[in-house]
Amino acid sequence: MDIHMPEMDGFEATKRIKKEKGVNLKTPIYALTADVTAEQQPDYLLFFDGFLLKPIEKEKLYEALSKEKLKLAGTDQH
């Protein structure tokens, strides 16, 4: 989720997604930002499951997706 978007910022968009009941309630959302201090800001931690810095690196995206896949696999085993 890009943090800075023209119509609605990433915080508001994520808040709305997480607020709705349905299939996206537990969908992991990663912040996409150029702010290198994002991970240390408590507000970011309330909204997002992780952070990816701009410009996006394929390896970092792959790591994030793999992490979420492992979480999901762990959930399915219980």
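In this text the structure is predicted, and so the values were computed from the model without any measurement.

### Brief notes about the side chain of Glu 68
Relative to the assigned elements, Glu 68 resides in helix H3 (residues 58–76). Discounting residues that sit within four places of it in the chain, Glu 68 has contacts with Pro 28, Tyr 30 and Asp 49.

### Topic: the packing of aromatic side chains
For the structure shown, the criterion picks out six aromatic pairs. With a centroid separation of 5.5 Å and an interplanar angle of 55°, the aromatic rings of Phe 11 and Phe 48 are classed as tilted. Remark: Phe 48 occurs in the loop between helix H2 (42–47) and strand S2 (50–53) and Phe 11 occurs in helix H1 (residues 10–19); sequence separation between them is 37 residues. There is no split in this pair, since Phe 11 and Phe 48 are both buried. Measuring from ring centre to ring centre gives 5.7 Å for Tyr 44 and Phe 51, while their planes differ by 45°; the resulting arrangement is tilted. The exposure classification of Tyr 44 matches that of Phe 51, with both residues buried.

### Section: the environment of Asp 35
As for its position among the elements, Asp 35 is in the loop between strand S1 (30–33) and H2. Counting along the chain gives 26 residues from Asp 35 to Leu 61, while the straight-line C-alpha distance between them is 17 Å. What Asp 35 contacts, discounting residues up to four positions off in sequence, is Gln 41, Tyr 44 and Leu 53.

### Section: the confidence of the model for the protein chain
In the predicted model, the protein chain carries a mean pLDDT of 87, and the fraction of residues at 70 or more is 95%. When pLDDT is averaged over each helix and strand of the protein chain, the minimum, 82, is found for H2 and the maximum, 92, for S1.

So, how was this worked out
- Within each chain, residues carry numbers counting from 1 in the order of the written sequence.
- Local features are withheld for residues below a pLDDT of 70 in this predicted model, meaning they are given only at 70 or higher, and side-chain atom pairs are given and counted only at 80 or more; totals for whole chains, interfaces and linings count all residues.
- With hydrogens and water set aside, each side-chain value is computed from the structure's full complement of heavy atoms.
- Under the DSSP-based scheme used, a helix requires at least four consecutive residues in state H or I and a strand at least two consecutive residues in state E, with every element numbered from the N terminus.
- Any two residues whose heavy atoms approach within 4.5 Å at even a single point are treated as in contact.
- Each pair of aromatic rings taken from Phe, Tyr and Trp, with Trp reduced to its six-membered ring, is defined by centres within 6.5 Å and is described as stacked if the planes are under 30 degrees apart, edge-to-face if over 60, and tilted in the remaining cases.
- When a residue's accessible area, from a 1.4 Å probe over protein chains only, is under 20% of the maximum for its type it is buried; when over 50% it is exposed; and in between it is partly exposed.
- Per-residue confidence from the predictor is reported as pLDDT, a score between 0 and 100.

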